[in-house]
Amino acid sequence: MKLSVCYIVLNGERVIEKSISSVYEIADEIIVVDSFSTDKTEEICMGFPKVKFIRKKFHGFGCQKNYTLSEASGEWILFLDSDEVPDKTAVDAIKEVLTSSNPSYNVYEIHFNNILLKKTIQYGGWGNVWRERFFRKGHGKYSDDLVHECFITQDKKGRLPGNIDHYTYKSIAHHIEKINNYTQLMAEKKVLNGKSVSLFKIIFSPFYDFMKTYFFKLGFLDGVAGFYISITGAFYTFLKYIKINEIHKFK
């Protein structure tokens, strides 16, 4: 059965070559929808003959992913980000499904190893993450959210063995840049959905999020990386809410 490996990407030169290489053997086609990268993403992708490289203006993560799905011709889809690399166990499991005459499921979740500061994070909500990344075309799509889109399906989900290694951020500066971008999109999404925010929420929600991640979800067991995740998670919450407030003020 034909497999389309799909990516949406912006400036993904850091890991995308490793990612494509990890699945190249099992892919029949690789669809890369690029939001006008300014690094070597295109050059790297075009070094792989199976890649179909498409430039498209970014209108939100959900819309971009659904457009990418529409360009895929495979019966099965493996959807990856440019900084995600399936390990050999996961690749072999995907291959087994593709060669099966009657797969057990139409939608499969794969476990994530989230890697930050050269450490695989095990706690703080980052350690037990499963996502629907391998599915039969037509058995799911993404919500049209600007950010934090979700996979929508009516099918019962299976779980594949193996992992996807997620190389989250190349540096602290890169992480802060991403937080700024994501909180802006998240604030715009909330305002579009009619959400507002109180002063109480702006002040106390970041503190609660830190306590939840660091203590209740055992983030402290990940050492410095766990503390960093807890602090930046609280900062994300604060920035999101203060931006919601800003957008409302200037509407």
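The coordinates are above.
Residues numbered from 1 in each chain as written. Predicted model: local features only at pLDDT ≥ 70, side-chain atom pairs only at ≥ 80, totals over all residues. Heavy atoms only, no water.

What follows is about the overall build of the protein. Helix and strand content of the protein: seven helices and eleven strands. The C-alpha radius of gyration of the protein comes to 19 Å, within 12% of the 18 Å expected for a compact globule of 251 residues. For the protein, the C-alpha atoms occupy an extent of roughly 55 × 40 × 40 Å along the three principal directions. Counting over 251 residues, the protein shows a buried share of 51%. Carbon and sulfur atoms make up 54% of the accessible area of the protein, which amounts to about 12900 Å² in all. Of the side chains in the protein, 34 bear a positive and 29 a negative charge, and the two mean positions are spaced by 6 Å. (Helix = DSSP H or I, 4+ residues; strand = E, 2+ residues; numbered from the N terminus. Rg over C-alpha atoms; globule rule 2.2 N^0.38 Å. Buried < 20%, exposed > 50% of the residue type's maximum accessible area, 1.4 Å probe, protein only. Areas by Shrake-Rupley, 256 points an atom, 1.4 Å probe, with all protein chains shown as cover. Lys, Arg positive; Asp, Glu negative; His and termini not counted. Charge placed at Lys NZ, Arg CZ, Asp CG, Glu CD.)

Burial analysis of strand β1 (residues 3-9) places seven of its seven residues in the buried class, which makes it a mostly covered element. With burial as the criterion, each face of β1 is covered, one bearing Leu-3, Val-5, Tyr-7 and Val-9 and the other bearing Ser-4, Cys-6 and Ile-8. Alignment of β1 against strand β4 (residues 76-81), held across six bridges, turns out to be parallel. Considered in β4, the bridge of Tyr-7 is made with Leu-80. One ladder, built from six bridges, connects β1 with strand β2 (residues 29-34); its direction is parallel. Bridge pairing in β2 places Ile-8 opposite Val-33. (Pairing = 2+ DSSP bridges.)

What follows concerns helix α3 (residues 61-71). Of all the positions in α3, only Phe-61, Gly-62, Gln-64, Lys-65, Asn-66, Thr-68 and Leu-69 are classed as buried. Along its buried surface, α3 packs onto β1, β2, β4, β8 (129-136), β9 (141-142) and α5 (172-192). (Contact = heavy atoms within 4.5 Å.)

The next point concerns the nonpolar core. Counting residues in each nonpolar core, the largest one holds 31 residues, and the members touching the most others are Leu-3, Val-5, Leu-78, Ile-94 and Phe-134. In terms of residue count, the dominant contributor to this core is helix α4 (residues 88-99) (five residues). Setting aside its immediate chain neighbours within four residues, Leu-3 contacts Ile-26, Ala-27, Asp-28, Glu-29, Trp-76, Ile-77, Leu-78, Ile-94, Leu-98 and Phe-134. If you look at the next biggest cluster of nonpolar residues, it comprises 20 residues, including Ile-77, Phe-79, Phe-135 and Tyr-142. (Core = buried A, V, L, I, M, F, W, Y, C linked by side-chain atoms within 4.5 Å.)

The next point concerns the packing of aromatic side chains. The tally for this structure, following the rule as stated, stands at 17 aromatic pairs. Taking the centre distance of 6.2 Å and the plane angle of 40° together, the rings of Trp-76 and Tyr-108 count as tilted. Of this pair, Trp-76 sits in strand β4 while Tyr-108 sits in strand β6 (residues 107-116); the two residues are 32 residues apart in sequence, bridging distant segments of the chain. We note that Trp-76, like Tyr-108, is buried. Among the aromatic residues, ring-to-ring pairing joins Phe-210, Tyr-214, Phe-215, Phe-220 and Phe-227 into one connected group. A cation sits over an aromatic face here: Lys-50 above Tyr-24, 4.5 Å from the ring centre. Over the ring of Tyr-241 we find Lys-240, and its NZ or CZ is 4.9 Å from the ring centre. (Phe/Tyr/Trp six-rings, centres within 6.5 Å; stacked < 30°, edge-to-face > 60°. Lys NZ or Arg CZ within 6 Å of the ring centre and 35° of its normal.)

Contact geometry of α5 with helix α7 (residues 223-249) gives a least axis separation of 8 Å together with a crossing angle of 40°. Classed by the angle they form, the pair α5 and α7 counts as oblique. Judged by the sense of rotation from one axis to the other, the crossing of α5 with α7 is right-handed. Counted together, Ile-172, His-175, Ile-179, Asn-180, Tyr-182, Thr-183, Gln-184, Met-186, Ala-187, Glu-188, Lys-190 and Val-191 of α5 and Tyr-228, Thr-232, Phe-235, Tyr-236, Leu-239, Lys-240, Lys-243, Ile-244, Ile-247 and His-248 of α7 form the full contact between these two elements. Grouping the amino acids of the contact of α5 with α7 by side-chain chemistry returns twelve nonpolar, six polar and four charged. (Axes fitted to C-alpha atoms, helices over the stretch in contact; angles between N-to-C directions. Parallel < 35°, antiparallel > 145°, perpendicular 65-115°, else oblique. Left-handed = near helix turned anticlockwise from the far one by under 90°. Nonpolar A, V, L, I, M, F, W, Y, C, P; charged D, E, K, R; others polar.)

Another point: unusual backbone geometry. Look at Asn-11: it is not a glycine, yet its phi comes out positive at around 50°. Relative to the assigned elements, Asn-11 resides in the loop between β1 and α1 (16-23). Look at Asn-11 and you get partly exposed, because its relative accessible area is 37%.

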